[in-house]
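# Topology and contacts: notes
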Amino acid sequence: MTNEELLRNPGRSDAPTGFASGREPLAFHRKLPGYAPTPLVDSQALAEALGVHRVLVKVESSRLGLPAFKMLGASWATYRSLVARLGHEPAWSTFDELRDALAPLGQLCLAAATDGNHGRAVARMAKLLGYAAHIFVPDDMVAARIDAIRGEGAEVTIVSGTYDDAVAISAAAQDERCLVISDTSWEGYVDPPRHVIEGYATIFAEVEDATDCAIDAVFLPTGVGAFAASGVAHYRNANAATTLISVEPSDADCVLESIKAGHMVEVPGPHRSCMVGLNCGNASLIAWPVLQSGLDWCIAIDDHRAEDAMRRLAAEGIVAGETGSAALAGAFAVQALGGGLQVGLDPDADVLVIVTEGATDPVNYERVVGRPPEEMRR
Ligand SMILES: Cc1ncc(COP(=O)(O)O)c(C=O)c1O
């Protein structure tokens, strides 16, 4: 049985997003070790298969040394939290200078809950700064992802339950020496997740810099909705006529169900999608109003769509994991559900899909694609 669904947002309005679209995060990211803009691939084969004019694929399979886009939010949110603690914005150009400027804060620990990528990014940021890290993960996380987080030097606590349970437990880690850098928000905890959303803006700024093309539609993979909120802020602040579509797994579609209800609703677990980065039962409190007014459509999809999209991307030389393929999977699902023309996927449309991660579960990648990720290029 499928619960796939395509929903037009009845709450769409031109309400202000409440987020600036400044380039401050981009200027910060440029100073991090290993920064380079990620590729924007113009795929004719995908455009033909989708029946549109152009498909631009922003490939986040390798970002600041990690196989997902999440370092953009984790690094900026950590930086803003440290600056707030320091009480002033330090002057620095190299990372060594930043570390020196932060020395008065002493030894700290960064903590976060994760379904994989965000926690690894927080752990990497802690390692770069010489801090400890404590990462909380749900009990169904595959070993490769846990090992990757431990590989950053973090202590990992496996929480009995879902990602949402891990978030609840991680919240208690905050104390004088430990900063919780969460990508989701809740009552009374909004500043770091707000900066996470701002940090993701670098992706959209880079797209803007890499193409003159007026994007007609953007597919946004959506877990707690921080990433989608960043995309909404970018395009709505620019008053662009771009159609924005969230993509979620059909059994963890908390944004779609909230949009349908007109208020935030929980979609309880267990969430068993292979798109694990999207296995969230609650939208982020601060992302929600942005999504409610700024999204045009929501789609909830089954796992086979993600696997199909992984193979299509592999054929283009792009390594994309299950979650990373969700945006493209959403575009094909819109067509398959007969919503293409309504959503604007017509022969003139220029479409942006963001591949948000590489092969973070290499064993499953090889099972789906038929080749190990190391054999692939881009
Ligand atoms: C690879 C990947 N893509 C997309 C998302 C969704 O981001 P958000 O939870 O902000 O909606 C995540 C979240 O963990 C992720 O890891």
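These numbers were taken from a predicted model, which means no experiment stands behind them.

## Structural notes on the side chain of Ser246
- Examined against the element boundaries, Ser246 turns out to sit in strand 9 (residues 243-249).
- If sequence neighbours within four positions are ignored, Ser246 has contacts with Leu220, Thr222, Val255, Leu295, Trp297, Cys298 and Ile299.

## Concerning the packing of helix 12 (residues 303-315) against helix 13 (residues 326-336)
- Relative to each other, helix 12 and helix 13 sit at 115°, their axes nearing to 8 Å. In this structure, helix 12 crosses over helix 13, and the sense of that crossing is right-handed. When helix 12 is examined against helix 13, the residues Arg305, Ala306, Ala309, Arg312 and Leu313 are found in contact with a partner set consisting of Leu328, Ala329, Phe332, Ala333 and Ala336.
- Taken together, the residues of the contact of helix 12 with helix 13 break down into eight nonpolar, no polar and two charged.

## Remarks on the environment of Ser61
- Looking at where Ser61 falls in the secondary structure, it is placed in the loop between strand 3 (54-59) and helix 3 (71-86).
- Judged by relative accessible area, Ser61 falls into the buried class, the value being 14%.
- Along the chain, Ser61 and Gln292 lie 231 residues apart, while their C-alpha atoms are 29 Å from each other.
- In contact with Ser61, other than residues within four places in its own chain, are Leu66, Pro67, Ala68, Val319, Val355, Glu357 and Gly358.
- Polar side-chain contacts of Ser61 include one of 2.7 Å to the backbone oxygen of Val319.

About the criteria used
- Residues numbered from 1 in each chain as written.
- Predicted model: local features only at pLDDT ≥ 70, side-chain atom pairs only at ≥ 80, totals over all residues.
- Heavy atoms only, no water.
- Helix = DSSP H or I, 4+ residues; strand = E, 2+ residues; numbered from the N terminus.
- Contact = heavy atoms within 4.5 Å.
- Axes fitted to C-alpha atoms, helices over the stretch in contact; angles between N-to-C directions.
- Left-handed = near helix turned anticlockwise from the far one by under 90°.
- Nonpolar A, V, L, I, M, F, W, Y, C, P; charged D, E, K, R; others polar.
- Buried < 20%, exposed > 50% of the residue type's maximum accessible area, 1.4 Å probe, protein only.
- Polar contact = N/O pair within 3.5 Å; in protein donor to acceptor, adjacent residues only side chain to side chain.

Keep in mind these numbers describe shape, not what the thing actually does.
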